[in-house]
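Now for the letters of each chain:
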Amino acid sequence: MRIWADSALLDGAFADHVLLEVDGAGTLSAVTAGAPRDGADLVLGTVVPGFQNTHSHAFHRLLRGRTNADGGDFWTWRTAMYQAVATLTPDLVHAVALAVYSEMLDAGYTAVGEFHYLHHDPSGRPYPGHDMELAIAAAAGDAGIALTLLDTCYLSSGFGAPLGPEQQRFGDGSVERWSERWYDLRGALARQFPSVVLGAAIHSVRAVTGPDIEQLVAALPADVPLHVHVSEQRRENEDAVEATGRTPTRILADAGALTDRLTVVHATHLTAGDIAALGAAAVLVSMCPTTEADLGDGLGEAAALAAGGARVTIGSDQNVLLDPFTELRALEGGARMAAHRRGVFSPAELWSIGTANGFTALQPRGAVGGRLVVGARADLVEVDASSARTAGSAPDQLMFAATAADVTRVVVGGRVRAASQTADLAAAAFTQYERSRA
Ligand SMILES: [Zn+2]
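Per-chain numbering applies: the sequence of each chain, read as written, is numbered from 1 onward. Predicted model: local features are reported for residues with pLDDT of at least 70 only, side-chain atom pairs are reported and counted for 80 or more only, and whole-chain, interface and lining totals are derived from all residues. Water and hydrogen atoms were dropped before computing side-chain values, which therefore reflect all heavy atoms in the structure.

Another aspect to go through is the coordination of the zinc ion. The donor set covers N, O and S atoms within 2.8 Å of the metal, switching to 3.2 Å for Na, K and Ca, and it leaves out water, so a site may look short of donors. In this structure, His55 (NE2), His57 (NE2) and His229 (NE2) serve as the protein donors to the zinc ion, at separations of 2.1 to 2.2 Å. Mapping the donors of the zinc ion onto the primary sequence gives the spacing H-x1-H-x171-H. With His55 in strand 5 (residues 51–56) and His229 in strand 9 (residues 226–230), the pair connects residues that are 174 residues apart, well separated along the chain. Accessibility expressed as a relative area gives 0% for His55, which makes it buried. Between buried and exposed lies partly exposed: a residue is buried under 20% and exposed over 50% of the maximum accessible area for its type, with that area taken using a 1.4 Å probe on protein chains only. For His229, a relative accessible area of 7% gives the class buried. Per the convention used, a helix needs a DSSP run of H or I reaching at least four residues, while a strand needs a run of E reaching at least two, with both numbered from the N terminus.

What follows is the structure, given as structure tokens:
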């Protein structure tokens, strides 16, 4: 398979007339700039690597456009989310995840990290055969998106207090039981969905105490991606200091969790010491600007984190919007408003944030991808550089002009995804959801 692009983003800069050769496994076997288009199987215009969505809760899509009438904040939104959780079955989770992952692909995301804590049935019992996890893996496979399933440990309603009745579906009871389920799930995925990457997550320092975090880190293979929500809300910080005398970041550091395989999600309300510690450990940071704006969370200090050595990525979190260009623009826009200047992140840095950095957050150490290089999976996105929005834009600045509507073709593993039935999939998921609530 030979794909020819009029212009393609190669290692931070656009090159003209790029030939991308793809082997039988869907991997790039040669990348050549200045190549003739003769003999190409597929001719594309302006091409960038597939975007990497480092933080998703697929089922939160069920709340989009339905929770904005009565004000509130993160915590009142969470109450509405818990009401949605109550009715979800593996079938319904498959339906909504299929709709969301299809929408993601249409928007240019070729990989997603699903931060997954809805493990158990409504009475809190595990499903006998990892039904929820396999439903999500099947949805990703059906949609055609690469999945990193971040199976999440969630033990407490807050700093050791027992789970509330509405949280029973999230809990395994102990790190041992979570870990047993994780290793068993790893076997099940290897047999049925071998392309899924199984990662791990700690829900937050609210939900898993310091000693339990230490035990979890010790139980995990060293190269597995590990994610955790950190300091999304001021209240989490206040409660952490009250319960332990330490910030959430300090709790993670003391438990040995701050390493370059960790992705901290949100990282909104940090102290200078937190920022220094996260940078020194070269963690990855998943910023979710459209969700943080939707929930009124606050503005994280992305620029300070990056300057200190952390690697920033983007996530769609509650999936209130699926558009990597808007996510990058909102990240840079927030940083500009905080700094009172333009160009806080350069266009080249923003492309990396959307692609290569995200890949690092979602893959085991040492994997190659998120860039158009030999050895990477041929995951790429064609962007219409001559639409009403984008005409005249320099290619490297397209994230300041384009939206997801300018994604014309998405190639995964060297194959163009056929136009999907995304609206129908979303409608079908909502029909099933409303029936479950009737
Ligand atoms: Zn989240």
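Another aspect to go through is the nonpolar core. Tyr101, Leu147, Ile213, Val264, Val283 and Leu305 are the most contacted members of the largest nonpolar core, which has 114 residues in total. Ranked by residue count, the leading element in this core is helix 2 (residues 90–107), at 10 residues. The contact rule is simple, with two residues in contact once any of their heavy atoms fall within 4.5 Å. Ignoring any residue separated from it by four or fewer positions in sequence, one finds Leu305 in contact with Ala267, Leu270, Ile275, Leu278, Val285, Met287 and Ala310. In this text, buried Ala, Val, Leu, Ile, Met, Phe, Trp, Tyr and Cys residues form a nonpolar core when linked through side-chain atoms within 4.5 Å.

This part is about the packing of helix 11 (residues 324–339) against helix 12 (residues 347–354). At their nearest, the axes of helix 11 and helix 12 sit 10 Å apart, and the two run at 125 degrees to each other. Regarding the angle of helix 11 to helix 12, the classification is oblique. You can see that helix 11 and helix 12 cross each other, and the crossing is right-handed. Of the residues in helix 12, those touching helix 11 at Phe325, Leu328, Leu331 and Glu332 are Leu350, Trp351, Ile353 and Gly354. When residue character is reported, Ala, Val, Leu, Ile, Met, Phe, Trp, Tyr, Cys and Pro are called nonpolar, Asp, Glu, Lys and Arg charged, and the others, Gly included, polar. Per-class residue counts for the contact of helix 11 with helix 12 are six nonpolar, one polar and one charged. Helix axes are fitted to C-alpha atoms over the stretch in contact, other axes to C-alpha atoms as well, and angles between N-to-C directions run from 0 to 180 degrees. Angular relationships are summarised with four words: roughly parallel below 35 degrees, roughly antiparallel beyond 145, roughly perpendicular across 65 to 115, and oblique for the angles in between. By definition, any crossing whose near helix is turned counterclockwise from its far helix by less than a right angle is left-handed, and any crossing with a clockwise turn is right-handed.

Another aspect to go through is the packing of aromatic side chains. Put simply, two rings from Phe, Tyr or Trp (the six-membered ring, in Trp's case) pair if the centres are within 6.5 Å, and we call them stacked under 30 degrees between planes, edge-to-face over 60, tilted for the rest. Per the stated rule, a full pass over the model turns up 13 aromatic pairs. Summarising the aromatic geometry, the rings of Tyr82 and Phe170 are spaced 5.9 Å apart at their centres and angled 45 degrees between planes, so their arrangement reads as tilted. Residue Tyr82 is found in helix 1 (residues 74–85), and its partner Phe170 is found in the loop between strand 7 (146–153) and helix 4 (175–192); the two are separated by 88 residues along the sequence. In this pair, the class of Tyr82 matches that of Phe170, namely buried.

Despite not being glycine, Ala267 has its phi angle at roughly 50 degrees, a positive value. Relative to the helices and strands, Ala267 is located in the loop between strand 10 (262–266) and helix 8 (272–280). Classification of Ala267 as buried rests on a relative accessible area of 0%. Positive phi is not limited to glycine here, since His340 has a value of about 60 degrees. You can call His340 exposed: its relative accessible area is 73%.

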